[in-house]
Amino acid sequence: MDIFIQQVINGLTTGSVYALVALGYTMVYGVIQLINFAHGEVVMIGAMVAFSVITALAGTASPLPPAVILLAGVAAAIPACMAIGYLLERVAYRPLRHAPRLAPLITAIGMSIILQHLALLVWSRNPLAFPQIVDNPVFSIGGAAITGVQIAIILLSVVLMALLTWFVYRTRFGIAIRATAENVHVASLMGVDANRVIAATFIIAAALAAVAGVMVGTYYGITHYTMGFMLGLKAFSAAVLGGIGNLAGAMLGGILLGLVEALGAGYIGELTDMCKWPLMKEVVAERCAADGHLVLMGSNYQDVFAFLVLIAVLVFRPSGLLGERVSERA
Amino acid sequence: MNLRDKQPALYWCGVALVAIALIALPLVLTLVGTAWVRITNLAILFIFLALGLNIVVGFAGLLDLGYIAFYAVGAYVYALLASPHFGLHLPFWIILPIGAFFACVAGALLGAPTLRLRGDYLAIVTLGFGEIVRILVNNLSSPFNITNGPKGITRIDPFRIGELEFYNSDTWMGILFTGPAKYYYILLLILMAVIVINLRLQQSRIGRAWVAIREDEIAAKSCGINTRNVKLLAFAMGASFGGIAGGMFSAIQGFVSPESFILHESIMVLSMVVLGGMGNVWGVIAGALLLSFVPELLRYTVEPAQQALFGRMLIDPEVLRMLIFGAALVLTMRFRPAGLWPESRHRQEFSGEHRS
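Conventions we followed
Residues numbered from 1 in each chain as written. Chains lettered and ligands numbered in written order. Predicted model: local features only at pLDDT ≥ 70, side-chain atom pairs only at ≥ 80, totals over all residues. Helix = DSSP H or I, 4+ residues; strand = E, 2+ residues; numbered from the N terminus. Buried ≥ 20, exposed ≤ 12 C-beta atoms within 10 Å, placed from the backbone. Pairing = 2+ DSSP bridges. Contact = placed C-beta atoms within 7 Å. Nonpolar A, V, L, I, M, F, W, Y, C, P; charged D, E, K, R; others polar. Expected span 1.5 Å × (residues − 1). Bend = angle between axes of the 7 residues up to and from the residue. Axes fitted to C-alpha atoms, helices over the stretch in contact; angles between N-to-C directions. Parallel < 35°, antiparallel > 145°, perpendicular 65-115°, else oblique. Left-handed = near helix turned anticlockwise from the far one by under 90°. Domains from an automatic or database assignment.

Caption draft 1: Region of the structure containing unusual backbone geometry. Residue and element names in this part refer to chain A. Despite not being glycine, Gln33 shows a phi value in the positive range, around 55 degrees. Mapped onto the elements of the fold, Gln33 is located in the loop between α1 (2-32) and α2 (39-59). We classify Gln33 as partly exposed; it has 18 C-beta atoms within 10 Å.

Caption draft 2: Just the pairing of strand β2 (residues 138-141) of chain A, in detail. All names here are of chain A. Relative to strand β3 (residues 144-147), β2 is paired through four bridges, and the arrangement is antiparallel. Following the sheet pairing, Ile141 is matched in β3 by Ala144. The hairpin formed by β2 and β3 contains two residues between the paired strands, and Gly142 there has a positive phi angle of roughly 50 degrees.

Caption draft 3: Inspection of the interface of chain A and chain B at higher detail. On the side of chain B, 40 residues touch chain A, which itself brings 43 residues to the contact. Elements that contribute at least two residues to the side of chain A that touches chain B include exactly α3 (66-93), α4 (102-123), α9 (227-242) and α13 (302-316) of chain A. The element best represented in the side of chain A that touches chain B is α4 of chain A, accounting for 13 residues. Broken down by class, the residue content of the side of chain A that touches chain B amounts to 33 nonpolar, five polar and five charged.

Caption draft 4: Structural detail: helix α12 (residues 281-310) of chain B. All names here are of chain B. Relative to the 44 Å expected for 30 residues at 1.5 Å per residue, α12 spans 42 Å between its end C-alpha atoms, a close match to the ideal helical length. The largest bend along α12 reaches roughly 30 degrees and is located at Leu298. When α12 is considered as a whole, its buried residues turn out to be Val281, Gly283, Val284, Ile285, Ala286, Gly287, Ala288, Leu291, Ser292 and Val302. The inward-facing, buried residues of α12 contact α3 (34-59), α7 (179-203), α11 (263-276) and α13 (317-335). Looking one or two residues past α12, Gly311 carries a phi angle of roughly 80 degrees, positive in sign.

Caption draft 5: Broad picture of the packing of helix α2 (residues 8-32) of chain B against α3 of chain B. Residue and element names in this part refer to chain B. Two elements in contact, α2 and α3, have axes separated by 6 Å at closest approach and are oriented at 135 degrees. Relative to α3, α2 is oriented oblique. For the pair formed by α2 and α3, the contact residues are Pro26, Leu29, Thr30 and Val32 on the first element and Thr34, Trp36, Val37 and Thr40 on the second.

Caption draft 6: Broad picture of the packing of α11 of chain B against α13 of chain B. Residue and element names in this part refer to chain B. For the pair α11 and α13, the least separation of the axes is 10 Å and the interaxial angle reads 40 degrees. Between α11 and α13, the crossing angle belongs to the class labelled oblique. When the axes of α11 and α13 are compared, the crossing they make is left-handed. From α11, His264, Ile267, Met268, Ser271, Val274 and Leu275 reach across to α13, where they touch Met322, Phe325, Ala328, Leu329 and Thr332.

Caption draft 7: Expanded view of the domain arrangement of chain B. Residues and elements named next belong to chain B. By the assigned domains, chain B splits into domain 1 (1-32) and domain 2 (35-263). The interface is formed by six residues belonging to domain 1 together with nine residues belonging to domain 2. Partitioned by chemical class, the residues of the side of domain 1 that touches domain 2 number five nonpolar, one polar and no charged.

Structure follows, in structure tokens:
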């Protein structure tokens, strides 16, 4: 049971990060009906920029308190990512808004490769140890441990999601975003500057990605120039799970995917232990005798879950949990 | 094609010249260095891959970002059936079709649940599929050792036809044929067949159905095209080409490991198709050749150039290669969206007015 609680806590933590990144996918999708392929790379850049700032500030026995340094890292990462989000929109999406759908996808893939390899040049090809500067007290809940970082990640995500919801549903600009998502042409006729709204959406998505990037860095203690790829894929799966284009869906999808992944990783080893399968037990008895376990799939298959969820959703409920019908334009 | 009708003598002279050039190529390259023959062989393998992906992306308009997975399937099927790993040593003409078959099944497996999806969804699902295959190959070493994990499989059998061995050098009529040169000829032979198949496919009923689906799926459907089967067929055929190429890769390298089948390779093949001109067989071949040789040239020029200019290596040629690929994708889509050598229909599609 404590394994269960522990994995739920871990799942909630990674799930909150997925949710933040998934919000980026879903918002951009909402306004231009295209997937921002390079979004994962924005997360990576956020983590990298924060890494540099934090390392620089924390290195020289600095007088600044750790929390301030961490905040400075976030504060640097956000504008950097916003700039990249804007650049993405201008270079990869805006010029191709009326081209066939394949075209912006391909430019975005190109941008994602460029960003990745620029990051490689700037920050080296080796994994970088993200400085662990803040105290990380461990609390115990029902036999499981939850760290201060985990609590902070979950709380901060909730706050950011609430802010975003307020922004989209309660402000003038939010109305403009929703109008554009509903119908670009009509929104333009009503005086909404669609170009501005679309650019702003990319920028907001990038800001969320920056925060997510710092969270990933602090949580796993490591950053790498390829980290955005897997994270982006998973967050996209989360957005699809929740129903792409739907804000609440992205949040729900992110949390659910985090839970599925954590619980999956926690139990897959036990479930695929062939020494416990009634039929297989005899067949593999010889190998069970050695150490009592014959695990078919260990937690190294963790990354597969997100894709299985993605494929399952697409097959059985393409519109996602909370989404409306997805049009099937080819 | 017009030339053939107008001046047949000139046309056939040209064909003969090209044929002679292609036959003499490895002998000339051997003089420069056997490495260049190997590079040429790899370039031909990439042509196979690019042509296979072209069926999916260029003909049928389905963006597949996990194409290298089929290459991996073909390569591992060959490696498992012709290496000391399982002690099996089947001849290559039996394994290559088996590899193609498995890749084809993998293609259909991927295609079946994803066919209803729109372009961008499909792209991400195929991306995920490619990763799943790589993760499987990486991890299927315990508890039962199937793929030998990240260490890969070594000592894979080379091609062998009767007494003719493909890994060593032979001298016929006073001319030295190195191992790679011999592979070159067999690759060239298969390449010819693959090109003919592709050109015929494009003109065929199926090829036209693919184009119809690419341009307007709903219209194609209402014209009586069974879009589901035709799209599945595109996936399966594209995958089979990848499988065959993978098998040959295994044999030529003598070693496979999961590292050869990362996302970058998928992107590289996609860049070849996009840069060359989606849907145009000759364009794709040109794209594949271009993107195969440019990195090699970079390898030989960038390093000395940087050493001379800055006294040290600033940008690894490998990184520069990927940067160039990324830029090539962006710039091609921006300024020549139908590729450097576009197919005529695609050109219309990319330049005309569009449904949004």
